[in-house]
Amino acid sequence: MRSSGARRGSALILVLVMTLAIAGLALSAIFFSSSSRLLSAAVDKERGYRLAALAAIEMARDSIQRFSLVDTIPNAASTPMQLFSGLQVRDATGTVIPNVRVNVWAAMTGDTLGAILPTVTVIAQAYDTYGVRFVQRADLRPESYSRFAMFVNGNVTHGPGVIGGRAHANGDWSIVNPGTQLSNIFLDTLSATGTITDNGSGQSAATFVRGTQSGAVRIDYPRDSTYAWMQTVAGLAGLDLNLTTTGTALGGGANTGGSRVEFVSFDANGNGVSEAGEGFLLVVDMSPGYRKRRGVELTNSASAQSPAFSTSDDVIQHQCGAFYRRPATGGTFRWHFFPVSAHRRTAFQSLITSTAAGSYPQVSAATYTTLSANTAAAVKAVLEQPTARCFPAGSPYLMPSERFTQANTLQHSGTTAAFQTPWGASSQTPSGGWYGGADTTYSGLLKTCTVQTNGNCQGGTVATLGALRPFGGTLGSSQVADTAMRRYLWPLSSPYNGATTNRGLVNVRVATGDTLYLSGTLRGKITMRVAGGVILPDRIRYEVDPNDPSVLPCRNQLGLIAVRDILVGIGVPARLYGVGSGASAFTLRGGGEARFTIHGTLMSLTGSVGVDGDSLDFGPNQAELSCPEDETTIQDDSNGGCFSITGGLIMNTYKPFYRTLSGRSNLNTNVKTRNGMRFASSWDRCNEADGRPPYFPVTTRIRAVRSLEIGVTRANTPSKVQTYLRRLLGKPI
Amino acid sequence: MTLTAAVFAITFPFIKSQVAAVGRGAGRTDADQVARYAVMMIDRDLRRASADSGQPLLVLAGPRAITFTADLVATDTTGTDAVDIDAGVSTTLSTAWLPANAATLPLTTRSYPTVTYRDRLGAVSLRETISYWLKPDTVTGRTDLFVLWRRVNAGDSVVVVRSLVLPTDTAFFSYQRPDTATVGGVLTSSLRTIAAARLPLYWDSVAVDSIRSVTIRATGRYVDTQTREETQRTLFGTTMLTNAPGRLLVGCGAAPTAPGSPSATLASGNGALLEAKVNWTASSDDARNGGARDVRGYVVEWSTDGGTTWRGLTTVSARQQSRYYWYHGLPIAGTASSVTARYRIRAIDCGGLTSTPTTVVSVTF
């Protein structure tokens, strides 16, 4: 028999076992519970590091924008700027997040060639006492002024019309009441630091596709001194044009100061394709007696309220005319341009007169008699041809009136006084058949004279009008195939521009108070800085419409930065004018279109961008043209045509495109506009891209373009951060 | 003995309940870990999503599969966007997925990629394509149990986690895109979930570009081996796509309706210009006419070879007109005796989709 003490010991052991089991279970429960909490804590901790780094990057972005640090952040080749060191990040309640601190660095990275917007790369390290736990990188990009369809560094009173992109004013923006049939439409956001006032209501109220923002943050406007460096860079490619000094005379020792620049798009290698490098400049130096008019402006137009230009103006006689499609060899046809004066030369009679099938416009013998008379009615008849237009002096189309040859020969090297006879004068013997001007018939030396009734020069009146300035930079190995043209075409980019440092910048120096006359067809991407004002005598277009959906956006880009105004000239024949008087009065449509088309971003640092003579009454009463893009069912015609911009207008001071004149027009009731030019703005797809004209100015605003997580070991020390940032320099971001 | 039995009798239910409690706790933790691990893995990759120009950020947005682009790893320091560098990784797993290795996207019949995506310098993109998808767990025989898989480009598929519960007709992934409302004349935006019926969306659809965040609904499961009691825990995780396209493609739906009544005339009479005056009536989706109100412009196309080849001329901005006009300055060039210019017009919406063209109109000069 066992003792009771032994039984008690057994129970005690059992109880102890049970107690231990229960304790084990309790511990297990505690362990599982704490394991779950630890798991959650670990996840929360990691999230905390990540959010701290992201928050620090947002704070860095705010600082860069608030204090305009873009210009002071160093290139990544140097030591990066440390924006924050040991920063404590607070949560939404303002409480410091414990045990987490952040370091933040910034440097300029990415593209260094100016074609793409610059990039600021910010790197944030989140760390605790055990070291760096999380690294986040953000790429920030300043906003280019080319992003804006209209930017004004002051107050604006504008409308009606469509603004095809982003618009901003550092001031108040007042929208003109458009009346019941016209409208104000903003296809992107309209912002203003002051108030935005829509003077229309109901049906006349403006449409804002992407809203408005009053009281917006001011965007500081730049000064010219910021861009003085462009002159040096442009000079490296032979594209620093000094138009303040006398150039090299090509004939007769003429004093040929700089005058005018024209963009030329030319199939230089003749392969039938317009390639990126086939963009050129033509620089025309006008002789002293013609500098004031630059070979483009009609006389006596500047101050008259209703100027009626004379049909005998030599710009009209020599630079305005008409195209004719005429039979050529082999069953083909050829287009010829004949200025008004050339219609009177008998040598061209057989070409102009044609009723053959395929000829356009057809001209009968009787009609030729009308066209070739030395009368105002004849000028009217020529310039009412559907193919009529005017060209600035130096245009290859003006060969019949500006190219002079040696008598009885067709030699036209044109460097001596012996060449006294205009092309096509009847005294010459044609060797290869007469022909009119074409896009390749350049003349190096431009001459002019007082024309007689028969189209020939009066004795002793021959004078040098000007000359094309040859390119002084380095030509590339792929030179222009046409040797006659080669020397006059200033290549904007490789392969025809042989400079290895070509950055797409053109600098133009003009005399103090002077202006550059700029027009033409651009191929390529350039930014032109002009140390004065700019007058637009004719259209500036890209070689294809920037909104042509079959080509990539930003195929061509023009950034024009002028210190003073950029304006459509008053007396330029490419605007619509009343010419002549009485029965011979007609509308001069020197550009061949009602639209005065501008492709590009035009920026005036101290003045305005728009139309000169906005209050002058130019067009005749009965020959109004509808401003294209508008509905012609409403009476919104304009005698002045349309200022049609695809791109941006960036200006210091707003200038109206037209004014309402009492008794002449009243926009609110949609009657015709008889002054200035109607405004039409088109959407440019390039505005939505990150590209910009080379080195075009950027605003003080920046935006985040990308946020990337970096492996901790790649950037957990200052030296690794610097190494990492350097690797981004010159890389596309 | 009596005392011992009494102690056991008293403590056994307690111990049993404690064991059950510990089991449930372990089950909840296990289920929680399953769900959390699934969410974390996807979130960690997804928040690194980025793409080169022209490369889709989101390739596939499906209810039970997602495929996206991200630069997770590079083999050397030239991959400046990569999260990490690992020299030992195969180039097929550290650079863009190439058409030569194309394969069907998970749970779809669509093959990807169809083109070689490149960076701005023209080199093959260094960004990989990552896929996550759910497939039924065939081991258990249950239809609501799934396995989460992961794949980089067309590499091997790897199991991420098992024991995910997903009832029939329930989405694992949901997607949010901006939606707008005009409040007090001001356009305001908010994120709204895309209806499951609209999924999946593919890289070549416009709508996928509008996705700004992805929400994952993961339910982990644990079964007690003794009691066969099942524990489930559900977690939600939302990842913002910080590198999603900046362009707000609000309201860009199907292709717009075609404009109508085209007309082209050559100006005539004294002083007429050598221009073709082309005009047409607005699409019914033009804001002028109501409809989808997403027409951004009108593309004018022309042909000079009888309509065999067409090329664009310009895009005329939509401006809420009933009829649009465009004047084409006819080219003074060439050697032909006459030119017949044919025109047709398409509407284009904010997402870049174009309508069918209008009928063809022409002028001869």
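The rules behind these values
- Residues numbered from 1 in each chain as written.
- Chains lettered and ligands numbered in written order.
- Predicted model: local features only at pLDDT ≥ 70, side-chain atom pairs only at ≥ 80, totals over all residues.
- Helix = DSSP H or I, 4+ residues; strand = E, 2+ residues; numbered from the N terminus.
- Buried ≥ 20, exposed ≤ 12 C-beta atoms within 10 Å, placed from the backbone.
- Contact = placed C-beta atoms within 7 Å.
- Pairing = 2+ DSSP bridges.
- Axes fitted to C-alpha atoms, helices over the stretch in contact; angles between N-to-C directions.
- Nonpolar A, V, L, I, M, F, W, Y, C, P; charged D, E, K, R; others polar.
- Core = buried A, V, L, I, M, F, W, Y, C linked by C-beta atoms within 7 Å.
- pLDDT = per-residue confidence, 0-100.
- Expected span 1.5 Å × (residues − 1).
- Bend = angle between axes of the 7 residues up to and from the residue.

**A closer look at the overall build of chain A**
- From N to C terminus, chain A includes 9 helices and 39 strands.
- Relative to its 733 residues, chain A shows a buried fraction of 54%.
- Taking all contacts inside chain A whose residues are at least 6 apart in sequence as the whole, residues at least 24 apart take part in 65%.

**Overview of the overall build of chain B**
- Secondary structure assignment for chain B yields 2 helices and 21 strands.
- The principal-axis extents of the C-alpha atoms in chain B amount to approximately 130 × 50 × 35 Å.
- A burial count over chain B gives 39% of its 365 residues as buried.
- Put simply, of all contacts in chain B between residues at least 6 apart along the chain, 62% involve residues at least 24 apart.

**Digging into the sheet that holds strand 21 (residues 361-364) of chain B**
Residues and elements named next belong to chain B.
- With antiparallel pairing, the 4 strands of this open sheet are ordered in space as 18-17-20-21. Since the sheet does not close on itself, it has two edges, and those belong to strand 18 (311-317) and strand 21, each with one partner. For this sheet, the mean inter-axis angle between neighbouring strands, taken without regard to orientation, is 30°.
- Pairing geometry for strand 17 (residues 295-303) and strand 18, over 6 bridges, is antiparallel. If you follow Trp302 over to strand 18, its bridge partner there is Arg311.

**Some points on the interface of chain A and chain B**
- In this complex, chain A contributes 68 residues to the contact, which on the side of chain B involves 64 residues.
- Secondary-structure elements contributing two or more residues to the side of chain A that touches chain B are helix 1 (4-66), strand 19 (333-339), strand 34 (586-589) and strand 39 (698-710) of chain A.
- With 15 residues, the top contributor of residues to the side of chain A that touches chain B is helix 1 of chain A.
- Across the side of chain A that touches chain B, the residue classes break down as 31 nonpolar, 20 polar and 17 charged.

**A word on the sheet that holds strand 39 of chain A**
Residue and element names in this part refer to chain A.
- Strand order across the open sheet formed by 5 strands is 1-2-3-4-39, with antiparallel pairing between neighbours. Edge strands, defined here as strands with exactly one partner in the open sheet, are strand 1 (81-90) and strand 39. Averaged over all adjacent pairs, the angle separating strand axes in this sheet is 25°, with direction ignored.
- Looking at chain direction, strand 3 (residues 119-128) and strand 4 (residues 131-144) are connected through 9 bridges and run antiparallel. What sits directly across from Asp128, in strand 4, is Gly131.

**A short note on the nonpolar core**
- If you look at the biggest cluster of nonpolar residues, it comprises 167 residues, and the most contacted ones within it are Val508(A), Phe643(A) and Val300(B).
- Those residues in contact with Val508(A) that lie beyond four places of it in its chain are Leu241(A), Leu243(A), Val261(A), Leu516(A), Met528(A), Val530(A) and Ala531(A).
- Counting 90 residues, the second largest nonpolar core, distinct from the first, contains Trp105(A), Tyr127(A), Ala49(B) and Tyr175(B).

**What to know about the pairing of strand 19 of chain A**
Residues and elements named next belong to chain A.
- Most of strand 19 sits inside the fold, with 5 of its 7 residues counted as buried.
- Bridging between strand 18 (residues 320-327) and strand 19 involves 7 bridges; their strand directions are antiparallel. Residue pairing across strands places Phe323 opposite Phe337, the latter belonging to strand 19.
- What sits between strand 18 and strand 19 in their antiparallel hairpin is a turn of 5 residues, with Gly330 showing a positive phi close to 70°.

**Notes on the confidence of the model for chain B**
- With 94% of its residues at a pLDDT of 70 or more, chain B shows a mean pLDDT of 86.
- For this predicted complex, the interface confidence reaches an ipTM of 0.80, while the overall pTM sits at 0.81.

**Side note on helix 6 (residues 376-383) of chain A**
- Regarding helix 6 of chain A, the residues found buried are Val379(A), Lys380(A), Ala381(A), Val382(A) and Leu383(A).
- At its buried positions, helix 6 of chain A is contacted by helix 3 (314-319), strand 18, helix 5 (365-371), strand 20 (388-390) and strand 34 of chain A.

**Things to note about unusual backbone geometry**
All names here are of chain A.
- Of note, the amide linkage connecting Tyr360 to Pro361 takes the cis form, showing an omega dihedral of -15°.
- Mapped onto the elements of the fold, Pro361 is located in the loop between helix 4 (349-352) and helix 5.
- Backbone torsion omega between Ser494 and Pro495 reads 10°, so that peptide bond is classified as cis.
- Residue placement: Pro495 occurs in the loop between strand 25 (490-491) and strand 26 (505-509).
- One non-glycine residue, Tyr695, lies in positive phi territory at about 60°.

**So, the environment of Thr29(B)**
Residues and elements named next belong to chain B.
- Position of Thr29 relative to the elements: it lies in helix 1 (residues 2-46).
- For Thr29, a count of 23 C-beta atoms within 10 Å corresponds to the buried category.
- Separated by 191 residues in sequence, Thr29 and Gly220 place their C-alpha atoms 9.6 Å apart.

**Overview of helix 1 of chain B**
- Helix length check: helix 1 of chain B (45 residues) gives 65 Å between terminal C-alpha atoms against 66 Å at 1.5 Å per residue, within 8%.
- Maximal helix bending in helix 1 of chain B amounts to about 35°, located at Thr11(B); proline Pro13(B) follows within four positions.

**Re the confidence of the model for chain A**
- Taken residue by residue, chain A gives an average pLDDT of 83. The fraction at 70 or more is 86%.
- Predicted confidence is poor over residues 246-257 of chain A, with pLDDT under 50, and the contacts of this stretch with residues over four places away or in other chains come to 35 contacts.

**Examining the environment of Ala267(B)**
- Turning to its location among the elements, Ala267(B) is positioned in the loop between strand 15 (260-266) and strand 16 (275-281).
- Classification of Ala267(B) by C-beta neighbours within 10 Å gives partly exposed; the count is 17.
- With 175 residues separating them in the primary sequence, Ala267(B) and Thr92(B) have C-alpha atoms 61 Å apart.
- What Ala267(B) contacts, discounting residues up to four positions off in sequence, is Pro386(A), Ala272(B), Leu273(B), Glu275(B) and Lys277(B).

**Examining the environment of Phe151(A)**
Residues and elements named next belong to chain A.
- Residue placement: Phe151 occurs in strand 5 (residues 148-152).
- In sequence terms Phe151 and Leu649 are 498 residues apart; their C-alpha atoms lie 6.3 Å from each other.
- Excluding its chain neighbours within four sequence positions, the residues that come into contact with Phe151 are Tyr145, His168 and Ile650.

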